[in-house]
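Below are the chains, spelled out letter by letter.
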Amino acid sequence: MSSHSTSRRPWGGARPRTLTALHAGYASLAVATLWPLPAAFAQTNGGTPAATPVQTQPAQAHSARPPATPAQAMQDQALQTAGRPQASTAPTPAAHGASSRAASPAPVKAGAATEITVIGPDPAALRRPPNTPIPPSGVPVLPSPGLATLGIAPIMPSESRHTAHQIELDAISEGEGPSALLPAWLDAQRHADLDDPYYVPTAGTGHLVPQLMPFRDRLRDKGFTFTFSYKGEMMGLFDGGLPGQKGTSYVHELTLQGTFDLGRMAPSLNGWSVHALVLERAGKAIQSTRAGEYYVALQEVYSLSGNVAAHLVDMYAEKKMRHNTLDVIFGRMSLTHVYATSPLLCSFMVTCSAPVALKQDPAFSVYPKATWGARIRLRPTRDTALQVGAYSVDTLQDNPSGWAWGAENATGLTLPIEFTWQPYLTRNRLPGHYVIGYAHDTTRYADKIGSVLPAKIAAHLPGTRSAPADIFWLETDQMVYRLGGRNEMAGGYLMAGYIHVTPRAVNLSDEAYAGFSLVGLIPKRVTDRMGVLYSWYKVSDRRRESQVLAMEQGYSLGSTIHGIQNSSQVIEAYYGIDAAPGVLIQPEFQYMIHPGETHNIPNAAMMGLKVVANL
């Protein structure tokens, strides 16, 4: 069977399996161990386990749905009991030019059911909140340039409406990767891949002006979609920080994002799309002026924008090909739109759009800084993804407007590779993302041991040399309960990560973080999200050694360094309120330990408000 065929058969044997009391006990113990949440999150309606469907691949791309199997009948009955539309079909796009995307049937394969398939997720956990913009099918109308205020990359359809997935790529192999080592009762992908609704990256927030929807629909039918959003961040220092600098700082960002679905414009270009993003940023950030911090951006918005009315970020083409098993993008883009980022990380100010240590290296072109490059992404197995790329490197200060491409002076090439294990656990299909990445930057950077010392002295220090840079990142998150739908943000997560960069090349060489992000803590506020994140940052040993030598020889460290630097820590907490369609209001609290990475500035306590509105 061809690895690119749209037909999929269940992996492994097809013999039916029964649920035993021991399995049920193990499942309950696993869920309880993951997170001690209220029993309401794990109960079904009336306390009776009910079934919802798992997407399996149709035997033939154009086949009609066969008569319902007993397992399927159980699933349909459970869906009706849960009070939501039947979701046992996978959405596929209608012919180009149609006003909406149709849903193609996806039967449950007879004899392939396991205990997870038969029981299915809790209907209460899958019930859609009334204010979600995601349609009953569970999949947004495609193409979509982004559903939420978290900077989600555009969602584009497959090049064929007959492929098993439209949101996600189809797996090349019919088997599993690391998930095959899990017990059968824990692994929700054991016999079949999940359907598209489980791969939607966000719950979305809708639009502030729904009256524009008819106009937007007409544009979408002709191949163009857009979003326009406002993001404002106001933070106030009320304790600690620099002397006499208590007060409030405000920054904002206006973003226009457009997506051209070339397949709608010309059927011969199916699978092709073009993406563009411009923004305007203004304001004065709090970290340097009030907190005394120059490495860690405490407000997400104000950095690398060039103070221009329309800063060009993205301008790239995308192609889905080989029966939806390969995705290629090339052009100008930010690496943090595709590497080392997630909607979860971007819900926090400090780590959006990537952990801080990655932003220190010019090789990791961090949003909104863009560079020339290309990336290839594929799914080797149902539970794994791999992406590799090549990108030009220039200094972060080059081309601040984003438009002056000729002003960029390339210094080398960045070669990133990122592997993701994405298991879905237990009957509620709890997604996890276990990401390991590495990038090699061929640029030769001056040794940071000479960063503070005069050049004539630094040049004669033993062991001083320029060298390329290597970047390593490990990022993990795991949903521990599901609430509010089937998308990847409908539930509570635990998260942690670690980043290391070559100490000779950067100011911050190490970062570690851990935290959680939960939904539904207040009854009937299913889409509100509360998060807490602790981050630790370590100054490069070479940077610190330079400062020690400078102090010993009587040289000044400069106006932005308040002493020998070691490390700093940031605790961030927020509560995101889904206030209205298209409006997110997010109170923020931050506490920075050792601002400026020294012990000479009092710990800084800050409070503020983040507001995001989508047109």
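1. Remarks on the packing of aromatic side chains
The geometry of an aromatic ring pair is captured by the separation of the ring centres together with the interplanar angle, meaning the angle of the planes. One pass over the full model with this rule turns up nine aromatic pairs. With a centroid separation of 4.8 Å and 40° between ring planes, the pair formed by Phe224 and Phe260 is classed as tilted. A residue pair is termed long-range when its members are at least 10 positions apart, and Phe224 in strand β3 (residues 224-239) and Phe260 in strand β4 (residues 247-261) qualify at 36 residues. The exposure class assigned to Phe260 is partly exposed, which follows from its relative accessible area of 32%. These aromatic residues form a ring-pair network of at least three members: Phe224, Phe226 and Phe260. For the cation-ring pair, Arg216 lies above Phe226, with the distance from its terminal atom to the ring centre recorded as 4.6 Å. If you follow Arg332 out to its NZ or CZ, it ends over the ring of Trp372, 5.2 Å from the centre.

2. Focus: a nonpolar patch on the surface
Judged by side-chain polarity, Ile376, Val388, Ile417 and Tyr438 come together as a nonpolar surface patch covering roughly 300 Å² of accessible area. Along the polypeptide, Tyr438 turns up in strand β12 (residues 430-445). The class for Tyr438 is partly exposed, based on a relative accessible area of 37%.

3. A few points about the pattern of salt bridges
For the structure shown, the criterion picks out 21 salt bridges. The residue Glu176 makes a salt bridge to Arg190 at a minimum N-O spacing of 3.3 Å. One end of the pair, Glu176, is in the loop between α4 (123-126) and α5 (213-221); the other, Arg190, is in the loop between α4 and α5, and 14 residues separate them in sequence. Accessibility classification places Glu176 together with Arg190 in one group, the buried group. Here Arg375 ties to Asp327 by a salt bridge, and the two come within 2.3 Å at their closest N and O atoms. Residue Arg375 is found in strand β8 (residues 371-378), and its partner Asp327 is found in strand β7 (residues 326-333); the two are separated by 48 residues along the sequence. Given a relative accessible area of 6%, Asp327 falls into the buried group. Bridged by salt links that share partners, the residues Asp217, Arg220, Asp221, Asp261 and Arg264 form one connected network.

4. Observations regarding unusual backbone geometry
Of note, the bond from Cys352 into Ser353 is cis; its omega dihedral lies within 30 degrees of zero at 10°. Mapped onto the elements of the fold, Ser353 is located in the loop between β7 and α8 (356-359). With an omega of 5°, the peptide bond between Tyr367 and Pro368 qualifies as cis. Looking at the element boundaries, Pro368 is found in the loop between α8 and β8. Unusually for a residue other than glycine, Ala340 sits at a positive phi of about 55°. Here Ala340 lies in the loop between β7 and α8. Residue Ala340 is classed as buried on the basis of its relative accessible area, which comes to 2%. Of note in the backbone geometry, Glu597 takes a positive phi value of approximately 60° without being a glycine.

5. Here's the deal with the pairing of strand β5 (residues 272-283)
Two strands pair when backbone bridges link them, and β4 and β5 are joined in this way by 11 bridges, in the antiparallel orientation. Bridge pairing links Val251 to Gly283 in β5. By the bridge criterion, eight bridges tie β5 to strand β6 (residues 311-321) in an arrangement that is antiparallel. Across the sheet, Val274 pairs through a bridge with Ala317, a residue of β6.

6. A closer look at the state of the cysteines
If you walk through the whole model with that rule in mind, you get one disulfide. Residue pairing for Cys346: its cysteine sulfur links by disulfide to Cys352, the two sulfurs lying 1.7 Å apart. The sign of the 40° torsion about the S-S bond sets the Cys346-Cys352 disulfide as right-handed. The pair formed by Cys346 and Cys352 is uniform in burial state, with each residue classed as buried.

7. So, the environment of Leu413
Within the fold, Leu413 resides in strand β10 (residues 412-421). The exposure class of Leu413 is partly exposed, given its relative accessible area of 36%. Separated by 29 residues in sequence, Leu413 and Thr442 have C-alpha atoms that sit 5.4 Å apart. What Leu413 contacts, discounting residues up to four positions off in sequence, is Tyr391, Ser392, Val393, His440, Asp441 and Thr442.

Definitions and cut-offs
Along each chain, the written sequence defines residue order, and numbers are assigned to residues from 1. With pLDDT at 70 or above as the cut-off, local features in this predicted model cover only qualifying residues; side-chain atom pairs require 80 or more to be listed or tallied, and sums for whole chains, interfaces and linings still use all residues. Hydrogens and water are ignored here; the side-chain numbers use all heavy atoms of the structure. In this analysis, rings of Phe, Tyr and Trp, with Trp reduced to its six-membered ring, are considered paired at centre separations within 6.5 Å, and the interplanar angle assigns stacked below 30 degrees, edge-to-face beyond 60, and tilted for intermediate values. Strands are runs of DSSP state E lasting at least two residues, helices are runs of H or I lasting at least four, and both sets are numbered from the N terminus onward. Burial classes follow relative accessibility: with a 1.4 Å probe on protein chains only, a residue under 20% of its type's maximum area counts as buried, one over 50% as exposed, and anything between as partly exposed. A ring is considered to have a charge above it if a Lys NZ or an Arg CZ atom is located within 6 Å of its centre and within 35 degrees of its normal. Two joining distances apply to patches: 9 Å for like charges and 5 Å for nonpolar side chains (Val, Leu, Ile, Met, Phe, Trp, Tyr), and every residue must have over 30% relative accessible area and no salt bridge. Computed by Shrake-Rupley with a 1.4 Å probe, the accessible areas treat only the displayed protein chains as cover when residues are assessed. The working definition used for a salt bridge is a side-chain nitrogen of Lys or Arg within 4 Å of a carboxyl oxygen of Asp or Glu. Here, strands pair whenever DSSP counts at least two bridges between them. When the sulfur atoms of two cysteines come within 2.5 Å, that pair is taken as a disulfide. Here, residues are in contact when the closest pair of their heavy atoms is within 4.5 Å.

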